Amino acid sequence: MAGKKAAKLPRAAYESELLRLQAELVKLQEWVRAEGARLVVVFEGRDAAGKGGTIKRVTEYLNPRVARIAALPTPTERQRTQWYFQRYVEHLPAAGEIVLFDRSWYNRAGVERVMGFCTKEEYQRFLHQCPIFERMLVEDGILLRKYWFSVSDTEQETRFRKRLEDPVRRWKLSPMDLESITRWEAYSQAKDSMLVHTDITEAPWYVVESDDKRRARLNMIAHLLSTVPYQEVEPPVIELPERPPSAGYQRPPRDLQTYVPDHAATL
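Quick caveat: nothing in here was measured; it's all calculated off a predicted structure.

Caption draft 1: Seen up close, the side chain of Arg 87. As for its placement among the helices and strands, Arg 87 is situated in helix α4 (residues 86-89). Buried and unpaired, Arg 87 has Glu 112 as its nearest opposite-charge partner, separated by 5.5 Å. A polar atom in the side chain of Arg 87 sits 3.1 Å from the backbone oxygen of Pro 73. Looking at Arg 87, its side chain comes within polar contact range of the side chain of Tyr 88, at 3.4 Å. With residues near it in sequence (within four places) discarded, Arg 87 still touches Leu 72, Pro 73, Thr 74, Pro 75, Gln 79 and Gln 82.

Caption draft 2: Highlighting the environment of Lys 56. With respect to the helices and strands, the residue Lys 56 is situated in helix α2 (residues 51-59). Between the alpha carbons of Lys 56 and Ile 69 there is a distance of 9.5 Å; along the sequence they are 13 residues apart.

Caption draft 3: View of helix α9 (residues 184-198). Taking 1.5 Å per residue as the helical rise, α9 with its 15 residues ought to reach 21 Å, and the 21 Å between its terminal C-alpha atoms agrees with that figure. Along α9, the residues classified as buried are Tyr 187, Ser 188, Ala 190, Met 194, Leu 195 and Thr 198. Considered in projection along α9, the buried side chains sweep an arc of 165 degrees and stay on one side of the axis. Exposed residues lying more than 90 degrees from the buried face of α9 are Glu 185, Gln 189 and Val 196. Packing partners of the buried residues in α9 comprise α5 (111-115), α6 (120-139), β4 (143-150), α8 (175-182) and β5 (205-209).

Caption draft 4: Representation of the side chain of Asp 47 in the model. Tracing the chain through its elements places Asp 47 in the loop between β1 (38-45) and α2. Residue classification places Asp 47 among the buried residues on the basis of a relative accessible area of 14%. Excluding anything up to four places from it in sequence, Asp 47 contacts Arg 103, Val 151, Gln 156, Phe 160, Met 176, Asp 177 and Ser 180.

Scoring rules and cut-offs
Residues numbered from 1 in each chain as written. Predicted model: local features only at pLDDT ≥ 70, side-chain atom pairs only at ≥ 80, totals over all residues. Heavy atoms only, no water. Helix = DSSP H or I, 4+ residues; strand = E, 2+ residues; numbered from the N terminus. Buried < 20%, exposed > 50% of the residue type's maximum accessible area, 1.4 Å probe, protein only. Lys, Arg positive; Asp, Glu negative; His and termini not counted. Salt bridge = Lys/Arg side-chain N within 4 Å of Asp/Glu carboxyl O. Polar contact = N/O pair within 3.5 Å; in protein donor to acceptor, adjacent residues only side chain to side chain. Contact = heavy atoms within 4.5 Å. Expected span 1.5 Å × (residues − 1). Arc of directions from axis to C-beta.

Next comes the structure, spelled out in structure tokens:
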């Protein structure tokens, strides 16, 4: 029914399909490595929209030497004087690599625009240069995928409250996150303007509905896999060698080494 909210995806169905998709991601990784392809995946969206959790599921079984996450900190004074895209360029993949941007150059179109961290001229220059920059990446052979994670205001607030009450996730709630509550419409307007100017044929935006984190993760991963023409690469044949007979080695006495205490025995 149009407009009806989908039921939350059952955990058993989610975990089964997630594992299947993660196996396909491993195949994608091996294809990228074998073909010398370069894949860039941009994750953008509001705070608490589910970007980080999705990135974790994407990379869970991947080789960190092939697939790495770029989550850049606040720019240094020197970086602020560079061409805006410069500090992102150095994180782009070489042949056989995948880079997942946990937020990206689109900071300028979002938080910097809304919070006044850039001038109006810098913002307008970004909107002009970004499509040119991305066309250059694609023309050079980079596979560029851009995902916007969309979350409702009520769900975002619910997630913020859970972070506030959870000691292992409290660090994820920053003063900037709280600002996003009071500037909801400003962020909405910034997002709309960003999509209008940067949703280009060569690198379109794909919106992920993320009020249900499980659905969002599966939908995003399945879509990514569907957009890359990867094929399964036959792994090399590996056989475990026979362990040679002992040549007389004897392990040193245990009391000569310091062992980690058996905390698990106290449970």
